[in-house]
Amino acid sequence: MEITSSSNTFRFFKRTWAEIYLDRAGRNLEILKKLIDTEHTRIACVIKANAYGHGDVPLMKCFSENGIDFFTVSNLDEALRLRRGGCKDDILILGWTAAEYAAVLSENNIIQTVLSEKYAKELSDAAKDRPVRVHIKLDTGMGRIGLNASDTDKCAEEIVRICSLGGLRTEGAFTHFAAADSLDDDSLAYTEMQKRRFFDAADKAKAMGAPLENIHCLNSAAALLHYDKRSSLARLGIILYGLKPDNALQIPQGIEPVMELKTTVSHIKTLHKGESVSYGRIFTADKDMTVATLPAGYADGYARLLSGKNEVLINGRRAKGIGRICMDQMMVDISGIPDVHEGTEVTLFGRDGEEVITADDLAAIYGTIGYEIICGINQRVPRVYIRDGKITEVHEFI
Ligand SMILES: *Cc1c(COP(=O)(O)O)cnc(C)c1O
């Protein structure tokens, strides 16, 4: 396909591609700014994992144009990709970086998470006279990384000891909730307990002189359901991309998915009664039907577990998937859908006329979350960036 925008011509092969609607990302952010008390809480955009599959540098630029000056990623590679992409703002690595890379962290002005007191000492030793900016992670009940905060006095003392280490510039502390996306009594009580531990430990450490300017605990679900103005940052991920932290939750009015996954019809035929389709022959026609083959499959990130349970959108109508989803192809029943021919555009998730299928809908079918779907869109799928209905950029990885 070749599309001409005002100043450029963009080419990509019209097989299977992801459309990334940057204006929706901007609108989602504006809606969230109104829901969060931004006097107290600055929004940090979580753009780890290639911005949840959307493309880290384009999304960084888009959020930056919309006033964001704090980004978080999961690791050093991702942080350096943003720096190379022109990011001048704060970047916090939420996960582990080997202490031997202390110089890379300081040279690139990247903030590193401290996972434990032992790690703090290693990083401090490695950093020597080139201080590394750090935020200390507190494990208040997630059980993943961080200082154990079940005893807040001990935890506060540990924070103070870390703050006194040379080679580190401790600027903040944060925690992560384990069940902020569930509204049952048990989860609500657990999140409250995590919050209590977090702010108790941070307050005690500050009272003992720890210079924690930035203390933060809010992910998307917590920002929506457990907002607390004592959190100086909200680390927003999934909600910016327009999906739900949990399928049982409602998302605020106006928030829209940023990514749509498209493919085309590659082949059309009549499947006669009694004939089967695809590997394992799990589908046999019980009457004559019209079947379209689509050039997309699990190697593009469209899960094989959806076999026999998925639908796609063609000409504003729903078409059911039939037979096993293959690595590169899948088949759908287009009987009764008018005007379908080889080359007709197909929506795997996204909107087509009145019909919508979201990544969250697909996730619900096979028991995962929308996060896994968008993060799993493979590198062979070009990302096509769209703003005001025009293509502004195309990223191909292969
Ligand atoms: C991924 C992540 C987030 C963002 O979570 P969402 O649910 O996508 O908003 C926030 N904080 C930490 C520590 C994370 O790892």
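Residues numbered from 1 in each chain as written. Predicted model: local features only at pLDDT ≥ 70, side-chain atom pairs only at ≥ 80, totals over all residues. Heavy atoms only, no water.

### Here's the deal with the overall build of the protein chain
Right, on to step 1. Across its full length, the protein chain holds 11 helices and 24 strands.
Right, on to step 2. A compact globule built from 398 residues should have a C-alpha radius of gyration of about 21 Å, and the protein chain, at 24 Å, falls within 12% of that.
Right, on to step 3. Its C-alpha atoms give the protein chain principal-axis dimensions of roughly 75 × 50 × 40 Å.
Right, on to step 4. Here the protein chain holds 398 residues, and 54% of them are scored as buried.
Right, on to step 5. Here the protein chain has roughly 17500 Å² of accessible surface; of this, 47% comes from carbon and sulfur atoms. (Helix = DSSP H or I, 4+ residues; strand = E, 2+ residues; numbered from the N terminus. Rg over C-alpha atoms; globule rule 2.2 N^0.38 Å. Buried < 20%, exposed > 50% of the residue type's maximum accessible area, 1.4 Å probe, protein only. Areas by Shrake-Rupley, 256 points an atom, 1.4 Å probe, with all protein chains shown as cover.)

### A look at the site of the ligand
Right, on to step 1. The local shell around the ligand consists of V46, K48, Y52, L94, R144, H176, N219, S220, R235, G237, I238 and Y371.
Right, on to step 2. S220 places a polar side-chain atom, nitrogen or oxygen, 2.5 Å from an oxygen atom of the ligand.
Right, on to step 3. Contact between the ligand and Y371: an oxygen atom at 2.6 Å from a side-chain N or O atom of the residue.
Right, on to step 4. Coverage of the ligand by the protein chains reaches 92% of its 390 Å² of free accessible surface. (Near = heavy atom within 4 Å. Polar contact = N/O pair within 3.5 Å; in protein donor to acceptor, adjacent residues only side chain to side chain.)

### A short note on the pattern of salt bridges
Right, on to step 1. One pass over the full model with this rule turns up 28 salt bridges.
Right, on to step 2. Between E260 and K262 there is a salt bridge, with the nearest N and O atoms lying 3.7 Å from each other. Per residue, the accessibility class of E260 equals that of K262, and both read buried.
Right, on to step 3. In this structure, E355 and R318 form a salt bridge, with 2.8 Å as the shortest nitrogen-oxygen distance. Here the residue E355 occupies a position in strand β22 (residues 355-357), and R318 occupies one in strand β19 (residues 317-322), the gap between them amounting to 37 residues.
Right, on to step 4. With relative accessibility at 25%, the residue E355 sits in the partly exposed group.
Right, on to step 5. Under the relative-accessibility criterion, R318 is labelled partly exposed at 37%.
Right, on to step 6. A cluster of three or more residues bridged by salt bridges with shared partners is formed by E19, R24, R27, E256, E260, K262 and E345. (Salt bridge = Lys/Arg side-chain N within 4 Å of Asp/Glu carboxyl O.)

### Topic: the packing of aromatic side chains
Right, on to step 1. All chains considered together, the criterion is met by 5 aromatic pairs.
Right, on to step 2. An angle of 65° between the planes, with centres 6.4 Å apart, marks the rings of F63 and Y241 as edge-to-face. Taken as a pair, F63 in helix α3 (residues 56-65) and Y241 in the loop between β12 (233-236) and β13 (259-264) lie far apart in primary sequence, 178 residues in all. You'll find F63 and Y241 in the same group, each marked buried.
Right, on to step 3. What links up through ring pairs into an aromatic cluster is the set Y52, F63, Y241 and Y371. (Phe/Tyr/Trp six-rings, centres within 6.5 Å; stacked < 30°, edge-to-face > 60°.)

### Some remarks on α3
Right, on to step 1. With respect to burial, α3 is a largely interior element, 7 of its 10 residues being buried.
Right, on to step 2. Within α3 the residues assigned to the buried category are D56, V57, P58, L59, M60, C62 and F63.

### Some thoughts on helix α1 (residues 22-35)
Right, on to step 1. With 14 residues, α1 should cover 20 Å at 1.5 Å per step; its first-to-last C-alpha distance of 20 Å lies within 8% of that length.
Right, on to step 2. The set of residues buried in α1 consists of L22, D23, R24, A25, G26, N28, L29 and L32. (Expected span 1.5 Å × (residues − 1).)

### Digging into the environment of S64
Right, on to step 1. Among the secondary structure elements, S64 is positioned in helix α3.
Right, on to step 2. Along the chain, S64 and D89 lie 25 residues apart, while their C-alpha atoms are 8.7 Å from each other.
Right, on to step 3. Ignoring sequence-local partners within four residues, the contact set of S64 consists of F71 and D89. (Contact = heavy atoms within 4.5 Å.)

Any functional reading would require information beyond the geometric quantities listed.
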